[in-house]
Amino acid sequence: MPEPLQSKTPRRGQERYVAPPDETPLQATDSLDETAPPASLWGDAWRQLRTRPLFLISSALILLVITVAVAPGLFTDQGPRDCDLANTMQGPRAGHPLGFTQLGCDIYARVIYGARPSVLVGVLATLGTVLIGGTVGALAGFFGGRLDSLLSRVADIFFAIPLILGAIVLMQVSEGRTSLTVAMVLTVFGWPQVARIMRGAVLEVRQAEFITASRALGSSSMSTMLRHAIPNALSPVIVIATVSLGIYIATEATLSFLGIGLHPSIVSWGGDISAAQNQLRVAPQVLLYPAAALSLTVLSFIMLGDAVRDALDPKGRKR
Amino acid sequence: MVWYVGRRLLQMVPVFFGATLLIYAMVFLLPGDPIRALFGERPPPPGVLEQIRAEYNLDKPFIVQYLLYVKGILTLDFGTAFTGRPVVELMANAFPVTIRLALIALAVEAVFGIGFGLIAGLRRGGFFDATVLIVSLIVIAIPIFVIGFVAQFVIGLKLELLPATVGQEESWRQLLLPGIVLGATSFAYVLRLTRNSVADNLSADHVRTATAKGLSRPRVVSVHVLRNSLIPVVTFLGTDLGALMAGAIVTEGIFNVNGVGGTLYQAVIRGQGTTVVSFVTVLVMVYLLASLLVDLLYAVLDPRIRYA
C-alpha cells in the first residue's frame, strides 16, 4: 500500500491538525468577539503608557510646570520683582525657601514666575514647526517628484544653518524680544527637522493598501492625503514634537543667557541664570535653582517623548 | 563613485547659495544701518558714510551686493571687516583653536559615547544599561551653559583638576575641559544611538549566523554587531561637526576661548556684517562637506551600499 503523500514531504502548514468540519462547531474554533473594540495603534499605545513609570512621572511633572506657568500666583504670594537690596544674596528663611538673588529678589518667586515665558516659547515654537514642517513634509512626501525636490532643497538650506547660529543672527535684527518673537525665530530654523520626519513617514505610508483603496474609491489626492496619509504618519512627528518642545525651551534659555533672547525685563530662567553667573563662586545656589527648574522641565518633555516612542513602536513592545 | 560624488557636489550648490543668501539677507536687508551704527551717537562727517558704503558695495542693489560677495568667496577673498582687518585674518586666528576644541569634543563623543553605548546595548536591561540611560537623559536635559558653569566651578575651581579658563597659549590641557563640555550633549545622543542600534543588531539574523558558525564573542561583537551599528552613529557625528562649531559660541564664552564662537558672537552683537556672513558661510561649508563625507563612509561601513 502506498504511503500517503504528505507524510513523506510535509509541506509548510500541513503538519498542523485540522479538525474535520463535522467534529467541531465553527464558532468554537473561529470565535471572534465582534463587540470588542478594534485594536488601534493609539489604543494599544495608551494601554501600554498607562503603566509606564517614565510616562507617569514625566506627565505629572509637565502638568505641574504648565499649572505653574498658567497660574504662578497659586504657588507664591511674593512678586518676582519685589526686591529689596537689604536682602542681597541672603540664605533661605521663613517664607523664602530658596533665599535671595544679588538684587535681593526672592529666588523661589522668580523661579515660579520664570516658567511662563519658557513654556510659552516651547509651545509656540513647537506649534509653528509642526504646522510648517508638517505641511511641507506631507506635501513633499505625498506628491513626490518635482515638488519634493524643490521643498527638500529649501528645507536643506534652512537645515544647513545651525539652529543656535541662525537664531542669534535673526534675534539680533528683530524688534521687541517677547516669547512670540523668540518662538518665531526658533520656528524659522526648526521646521526642516519636522519636515524631514514627516516626509519620511508619509513616504512609507504612501505605499500602503488603504491609500490605494482610497484612491480607487475616487477620493481626490488632497483628501486622501489629509484623511488617510497624514493621520497614519503622525506618530513619529508627535514624538519629535514632544522632544523638541524641551529642546526649544533649552534654546530659549541659551539665547537669553547670551543676552539676545527674551528682553531682560521679562522674568525668565535663562535670564536669571545669566544674571547669576558672575556670583557663581560666592553664591552658586542663585544659579542652580533656576537651572534645576529649567533642566527638570526639559527632562520631562524628553522623557515623555521617549515613553511615547517606546509605546508606539511595535518592535519595542515585545520587551 | 566619482559620479556619485559629482552628483552630490552638484546638489550642494543650490543649498550653498540658498544658505549664504539667507544669511546675507538677514544681516544686510533687515532694518538697521550697520555703517551708521559704527559711529555711535555722533553723526559721521558728510561723505564718509557714502565712502564706506561704496567700499563695502552697500550702495549697490542687494542682489548685486550678494553676487559680488559670492564672487569674493569663490576667489577666497572674504573681504574686510568693518574694523579694517581682513576677514581671512580673523579666521586664521579663530578657526585653529575651535577646530581643536571640536576635535576634543568629537573624540569624547566617539570614544565614550560608542564605548558606553556598546556595553549598555550588549547588556540591555541590566543595571549598567539603566544607569547609563538615565545619566544620558539628564545630560541631554541640562543646557550646555549650565553644564559649563558647573564643570568650571567643580572641576576647575574646587577640585583644580584642570585649568578653569583658557589663556593666551591655548594648550591642549587648557582646552580639555571646554572640549568635554562642548561634546557633553552630543556624547549622550551618541551613547543612546549606539545602545539602541547595538541592541537591535544583536538579534539580527547575520549575528545569529556568525555565532552559530562558532566565531568568538569579541569577533562577533566587533565585526558583525558594531560595524553595522555604527551607521546611524556616523551620520550623527558627521552632521554634529557643524553644530559643534556653532555650539562653541556658548562654551567659548564661558571658558574665555578666542575662537569662532567668540569672534562670531562679538561680530553679531556689534553689527559687523561682513564678518558674520563670512564665518557663517564657512560653517555652512563645513556642514555640507561633513555630510558628504558621512555618505561616503556608509560604503566603507556597509558593503551592501555601493555608489555606482
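Residues numbered from 1 in each chain as written. Chains lettered and ligands numbered in written order. Predicted model: local features only at pLDDT ≥ 70, side-chain atom pairs only at ≥ 80, totals over all residues. Heavy atoms only, no water.

Going by what an unreviewed UniProt entry lists, chain B is known as Oligopeptide transport system permease protein and is assigned to Kineococcus xinjiangensis. The UniProt entry for chain B carries the following comment under Sequence similarities (unreviewed entry): "Belongs to the binding-protein-dependent transport system permease family." Comment text from UniProt for chain B, heading Subcellular location (unreviewed entry), reads "Cell membrane". (UniProt positions renumbered as here; feature names shortened; annotations may be inferred.)

Per an unreviewed UniProt entry, chain A goes by the name Oligopeptide transport system permease protein and belongs to Kineococcus xinjiangensis. What the UniProt record of chain A gives under Sequence similarities (unreviewed entry) is the line "Belongs to the binding-protein-dependent transport system permease family."

Bringing the overall build of chain B into the picture now. Within chain B, the secondary structure is distributed over 12 helices and 0 strands. Along chain B, from the amino end to the carboxyl end, the secondary structure elements read α-α-α-α-α-α-α-α-α-α-α-α. With respect to the principal axes defined by its C-alpha atoms, chain B has extents near 85 × 55 × 30 Å. Residues classed as buried in chain B amount to 50% of the 308 residues present. Sequence separation of 24 or more characterises 74% of the internal contacts of chain B that already satisfy a separation of 6 or more. Side-chain charges in chain B split into 23 positive and 18 negative, and the spacing between the mean points of these groups amounts to 11 Å. (Helix = DSSP H or I, 4+ residues; strand = E, 2+ residues; numbered from the N terminus. Buried < 20%, exposed > 50% of the residue type's maximum accessible area, 1.4 Å probe, protein only. Contact = heavy atoms within 4.5 Å. Lys, Arg positive; Asp, Glu negative; His and termini not counted. Charge placed at Lys NZ, Arg CZ, Asp CG, Glu CD.)

All names here are of chain A. If you trace the backbone, V70 turns up in helix α4 (residues 53-70). Looking at V70, the relative accessible area reads 61%, which means it is exposed. Distance in space between the C-alpha atoms of V70 and I168 is 28 Å, their sequence separation being 98 residues.

With 43 residues of chain A in contact, the opposing surface of chain B contributes 41 residues. Between chain A and chain B, roughly 3600 Å² of surface is buried when both sides are summed, and carbon and sulfur atoms account for 80% of that area. The tally of links from chain A across to chain B stands at 1 salt bridge. Across the salt bridge formed by A:D306 and B:R192, the nearest N and O atoms sit 2.4 Å from each other. Linking chain A to chain B there are 2 residue pairs in polar contact (both at pLDDT 80 or more). (Buried area = accessible area lost by both parts, 1.4 Å probe. Salt bridge = Lys/Arg side-chain N within 4 Å of Asp/Glu carboxyl O. Polar contact = N/O pair within 3.5 Å; in protein donor to acceptor, adjacent residues only side chain to side chain.)

A word on the nonpolar core. In terms of nonpolar packing, the biggest core is built from 158 residues, with A:I168, A:L258, A:L294, B:F95, B:F145, B:V276 and B:F279 touching the most fellow members. By residue number, the principal contributor to this core is helix α10 (residues 217-255) of chain B, which donates 17 residues. With residues up to four places along the chain from it excluded, the contact list for A:L294 reads A:I249, A:A253, A:W269, A:I273, B:P143 and B:F145. Counting 14 residues, the second-largest nonpolar core is a separate cluster that includes A:M198, A:V202, A:M225 and A:I230. (Core = buried A, V, L, I, M, F, W, Y, C linked by side-chain atoms within 4.5 Å.)

On to the confidence of the model for chain A. Of all residues in chain A, 85% have pLDDT values of 70 or greater, and the mean over the chain is 81. When the elements of chain A are averaged for pLDDT, helix α1 (residues 5-8) of chain A gives the smallest value, 48, and helix α6 (residues 115-143) of chain A the largest, 93. (pLDDT = per-residue confidence, 0-100.)

All right, on to the packing of α6(A) against helix α7 (residues 145-159) of chain A then. Residue and element names in this part refer to chain A. Interhelical geometry of α6 versus α7 gives an angle of 145° and a closest axis separation of 7 Å. Our pair here, α6 against α7, has a crossing hand that is left-handed. Side by side, α6 and α7 meet where V136, L139, A140 and F143 of the first sit next to G145, L147, D148 and L151 of the second. The class makeup of the residues in the contact of α6 with α7 is 6 nonpolar, 1 polar and 1 charged. (Axes fitted to C-alpha atoms, helices over the stretch in contact; angles between N-to-C directions. Left-handed = near helix turned anticlockwise from the far one by under 90°. Nonpolar A, V, L, I, M, F, W, Y, C, P; charged D, E, K, R; others polar.)

For B:S278, the location among the structural elements is in helix α12 (residues 273-301). On the basis of relative accessible area, B:S278 is assigned to the buried category, the value being 0%.

This next bit is on the UniProt feature "transmembrane region" (unreviewed entry) in chain A. Residue and element names in this part refer to chain A. When the UniProt feature table is mapped onto this chain, "transmembrane region" (unreviewed entry) is found at residues 54-75, 119-142, 154-173, 179-198, 229-250 and 287-308. Each end of residues 119-142 is marked by a C-alpha atom, and these two atoms are 33 Å apart; helix forms 100% of the span and strand 0%. Helix makes up 100% of residues 179-198 and strand makes up 0%, while its end C-alpha atoms are separated by 26 Å.

All right, on to the UniProt feature "transmembrane region" (unreviewed entry) in chain B then. Residues and elements named next belong to chain B. Here the UniProt-annotated "transmembrane region" (unreviewed entry) positions come out as residues 12-30, 99-120, 132-155, 175-193, 229-255 and 275-301. When the span residues 132-155 is considered, its composition is 92% helix and 0% strand, and the gap between its end C-alpha atoms is 21 Å. The span residues 275-301 is 100% helix and 0% strand, and its two end C-alpha atoms sit 39 Å from each other.

On to the packing of aromatic side chains, then. Inspection of every chain in the model, using the stated rule, returns 13 aromatic pairs over all chains. Taking the centre distance of 6.0 Å and the plane angle of 80° together, the rings of A:W46 and A:F55 count as edge-to-face. Measuring from centroid to centroid gives 5.8 Å for B:Y189 and B:F236, while their planes differ by 40°, and the two rings are tilted. A residue pair is termed long-range when its members are at least 10 positions apart, and B:Y189 in helix α8 (residues 172-202) and B:F236 in helix α10 qualify at 47 residues. These aromatic residues form a ring-pair network of at least three members: B:F112, B:F116, B:F128 and B:F187. The aromatic ring of A:F159 is capped on one face by A:R196, whose charged end is 3.9 Å from the ring centroid. One residue, B:R100, lies across the ring of B:W172, its end atom 4.9 Å from the ring centre. (Phe/Tyr/Trp six-rings, centres within 6.5 Å; stacked < 30°, edge-to-face > 60°. Lys NZ or Arg CZ within 6 Å of the ring centre and 35° of its normal.)

Phi is positive for B:N256, which is not a glycine, with a value near 60°. Among the structural elements, B:N256 can be located in the loop between α10 and α11 (260-269).

Turning next to the UniProt feature "domain: ABC transmembrane type-1" (unreviewed entry) in chain B. Mapped onto this numbering, the UniProt entry gives "domain: ABC transmembrane type-1" (unreviewed entry) at residues 95-298 of chain B. Split by type, residues 95-298 of chain B is 84% helix and 0% strand. Its first and last C-alpha atoms lie 28 Å apart.

Let's shift gears to the side chain of A:S58. Position of A:S58 among the secondary structure elements: in helix α4. Residue classification places A:S58 among the buried residues on the basis of a relative accessible area of 0%.

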